[in-house]
Amino acid sequence: MEPGATTPHVPKKRGRKPKPKEDQQQQQQQSAGARLKEGKKAQQPSIDDKYTQWKSLVPVLYDWLANHNLVWPSLSCRWGPQLEQASYKNRQRLYLSEQTDGSVPNTLVIANCDVVKSRVAAAEHISQFNEEARSPFVKKYKTIIHPGEVNRIRELPQNSKIVATHTDSPDVLIWDVEAQPNRHAVLGATNSRPDLILTGHQDNAEFALAMCPTDPYVLSGGKDKLVVLWSIQDHITSSATDPATKSPGSGGSIIKKAGDGSDKAADGPSVGPRGIYSGHEDTVEDVAFCPSSAQEFCSVGDDSCLILWDARAGTSPAIKVERAHNADLHCVDWNPQDDNLILTGSADASVCMFDRRHLTSNGVGLPVYKFEGHKAAVLCVQWSPDKASVFGSSAEDGLLNIWDYEKFGKKTERPTRAPSSPAGLFFQHAGHRDKVVDFHWNASDPWTVVSVSDDCETTGGGGTLQIWRMSDLIYRPEDEVLAELEKFKSHVVSCASKP
């Protein structure tokens, strides 16, 4: 049976909605309007008020923002390679998914995104968007019909045209997105064939997925409580390590095919694990590699544990932090610029920062900092690729918070800052009206973020994809900003004095 085919859908954790059953679809469509009105009366005022307030501040807070309405929710969004640079904008690949209700196939979408350069967009332009419209900056380039819904997408750092996906199955699927044919997602269409299948899990592996920054290694975790490691080094041609040798859409996969090319494996060649690591006592929810080593990685799970592993020392935990949080852990990220620092996000609505130098093998270790600014389960954490102390966290409360641990505990004399503002928090993206299930910093365009929300429960829509960049006046050094603003002081004063 293909993953996600006809098995009854069990609602997952992490804010996932259950897929509507076929016999309920008609009834749901008929009552959608009524439910929307009732829902708005019951719970929308606070959400709408906050959103309206946020939208009025967009010209002040943001250098650029693009709002893209999605027909279907997407559970993952990732930046791909930069394709071209122009005077005022850069074109870049964007990967996302469509999680459908079964009336059309689930898909992996490759889009082209025009990223407007810093200080180019006009303030009135970025604030005048229609929530129900699709952004002209995001255009679908290719559709892959995915066997089952796409829960997680990760790109290979050695070649970002190769991506891995997690679905409701034990397998990890590897795709060469440039070589894959473009498909039309209609009911009854056959699934696209993965270029490579990674086997080794004994139960569904739905969310925990990571690609190694230093080598073509893939890491996964699942309901079988296991962490599984693969090397795909031998399955990628030499062109994979040099994207410049292959132009987009030039045809021919950069994944080596198994055997003599007679297509023995109908679903594509498969690869067994390099190592299987056991130490969790419940579902593994997320995994991350140490940025400087393919042999060191970490994982978090529903057992509230953070585990550090070293493949050179065997398949047992190197360090196990028994109660990293007071609830399930949903996400983890390892600082790319300081490999001692690890972030964890939890259902307890907090984010913790651990220093591995302060952890011991007997499970003792307290976080260096605990960041408390969300009001619901944290679903995603990620360090900024630009500044070592900055990271983002998104949650079921609809917020994407940007933090700087260097500001933690520092008193501010600025009267504009609310006294109740959580320590370390310096920016809050409130443009989504439902749970923010994923976001990704853009390594090619500093301080630019793509984020996606599943809007089914609140607005009745599918999802919202937003690409945004906060004003640089927010994060630049204060003396630098004041010096720049001083240049405009006389102009502002003269404008204010005019009748």
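All figures in this text were calculated on a predicted structure; none of them were measured in a lab.

J.: Teacher, can you tell me more about the pattern of salt bridges here?
T.: When the charged atoms of two side chains with opposite charge come close together, those side chains can pair. Under the criterion given, the structure shown has 24 salt bridges. With a closest N to O distance of 2.9 Å, Glu155 and Arg78 form a salt bridge. Note that Glu155 is positioned in strand β6 (residues 152-156) and Arg78 in strand β2 (residues 77-85), a separation of 77 residues in sequence. Here Glu155 matches Arg78 in class, with each residue buried. Salt bridges sharing common partners tie together Arg119, Asp472, Arg476, Glu480 and Glu484.

J.: What should I look at first to understand the state of the cysteines in this one?
T.: Joining two cysteines, a disulfide is a covalent bond between their sulfur atoms. The full count for this structure, using the stated rule, is zero disulfides. Cys290 supplies the cysteine sulfur nearest to Cys212, a cysteine that is in no disulfide, at a spacing of 8.8 Å. Here Cys212 falls in the buried class, since its relative accessible area comes to 0%. With no disulfide of its own, Cys290 has Cys298 as its nearest cysteine by sulfur position, at a separation of 8.7 Å. Accessibility expressed as a relative area gives 0% for Cys290, which makes it buried.

J.: What's the story with the sheet that holds strand β8 (residues 172-176) in this structure? I'm lost.
T.: What links the strands of a sheet is backbone hydrogen bonding, and the strands pair in either a parallel or an antiparallel sense. If you walk across this open sheet you meet the five strands as β6-β7-β8-β9-β13, and the pairing is mixed. Unpaired on one side and paired on the other, β6 and β13 (270-271) mark the two borders of the sheet.

J.: Any chance you could explain the UniProt feature "repeat: WD" (unreviewed entry) in the protein here in plain terms?
T.: If you check UniProt for "repeat: WD" (unreviewed entry), the listed places come out as residues 277-319, 322-355 and 371-406 in our numbering. As annotated, residues 322-355 has a helix share of 0% and a strand share of 50%, and its two end C-alpha atoms lie 15 Å apart. Secondary structure over residues 371-406 splits into 0% helix and 50% strand, and the C-alpha atoms at its two ends are 12 Å apart.

J.: What is the right way to look at the packing of aromatic side chains in this model?
T.: Centre distance and the angle of the planes are the two values used to describe a pair of aromatic rings. Scanning the model with the defined rule gives 22 aromatic pairs in all. Both rings, one in Trp54 and one in Phe129, keep their centres 6.4 Å apart while their planes meet at 55°; by these two values the pair is tilted. In this pair, Trp54 is assigned in helix α1 (residues 22-61) and Phe129 in the loop between α2 (123-127) and β5 (138-145), connecting sequence segments 75 residues apart. The class for Trp54 is buried, based on a relative accessible area of 4%. Between Tyr62 and Phe427 the ring centres are 5.5 Å apart and the planes differ by 80°, which places this aromatic pair in the edge-to-face class. You can see Tyr62 sitting in strand β1 (residues 62-70) and its partner Phe427 sitting in strand β26 (residues 425-429), a full 365 residues away along the chain.

J.: Help me understand empty space enclosed by the protein in this model?
T.: Rolled over the atoms, a probe with the dimensions of a water molecule shows which regions are left empty. For the coordinates displayed, the defined rule picks out three cavities of 30 Å³ or more. Put simply, the second largest cavity is a space of about 40 Å³. If you go around the second largest cavity, the residues you meet are Tyr51, Asn67, Glu131, Gly431, Arg433, Asp455 and Thr464. For the lining of the second largest cavity, a count of residues per class yields one nonpolar, three polar and three charged.

J.: When you look at the nonpolar core in this model, what are you seeing that I'm missing?
T.: Nonpolar side chains tend to gather and get buried jointly when the protein is soluble and globular. Ranked by internal contacts, the top residues of the largest apolar core, which has 43 residues, are Leu94, Ile402, Leu465 and Ile467. Setting aside residues no more than four positions away along its own chain, Ile402 makes contact with Val390, Phe391, Gly392, Gly424, Leu425, Phe426, Phe427, Trp441, Trp468 and Met470. Residues Ile162, Val172, Met211 and Ile254 belong to the second largest nonpolar core, which totals 18 residues.

J.: Help me out: how do you make sense of the pairing of β2 in this one?
T.: Side chains on a regular strand alternate between the two faces of the sheet. Here β2 runs beside strand β3 (residues 89-98); their pairing, made up of six bridges, is antiparallel. By the bridge assignment, Cys77 is partnered in β3 with Leu96. Between β2 and β3, which follow one another and run antiparallel, lie three residues.

J.: Sorry, what's going on with a nonpolar patch on the surface here?
T.: Taken together, the side chains of Leu473, Leu482, Leu485 and Phe488 make up a nonpolar region of the molecular surface, amounting to roughly 360 Å² of accessible area. Among the elements that take part in the nonpolar patch, helix α4 (residues 478-497) stands out by supplying three residues, more than any other. Locating Leu482 in the fold gives a position in helix α4.

Rules behind the numbers
Residues numbered from 1 in each chain as written. Predicted model: local features only at pLDDT ≥ 70, side-chain atom pairs only at ≥ 80, totals over all residues. Heavy atoms only, no water. Salt bridge = Lys/Arg side-chain N within 4 Å of Asp/Glu carboxyl O. Helix = DSSP H or I, 4+ residues; strand = E, 2+ residues; numbered from the N terminus. Buried < 20%, exposed > 50% of the residue type's maximum accessible area, 1.4 Å probe, protein only. Disulfide = S-S within 2.5 Å. Pairing = 2+ DSSP bridges. UniProt positions renumbered as here; feature names shortened; annotations may be inferred. Phe/Tyr/Trp six-rings, centres within 6.5 Å; stacked < 30°, edge-to-face > 60°. 1 Å grid on protein atoms, 1.4 Å probe; cavity = no way out; pocket = protein on both sides within 12 Å on 5 of 7 lines; lining within 4 Å. Points joined across faces, edges and corners; volume = space filled by probe spheres on them. Nonpolar A, V, L, I, M, F, W, Y, C, P; charged D, E, K, R; others polar. Core = buried A, V, L, I, M, F, W, Y, C linked by side-chain atoms within 4.5 Å. Contact = heavy atoms within 4.5 Å. Patch = residues over 30% accessible without salt bridge, like charges linked within 9 Å, V, L, I, M, F, W, Y side chains within 5 Å. Areas by Shrake-Rupley, 256 points an atom, 1.4 Å probe, with all protein chains shown as cover.

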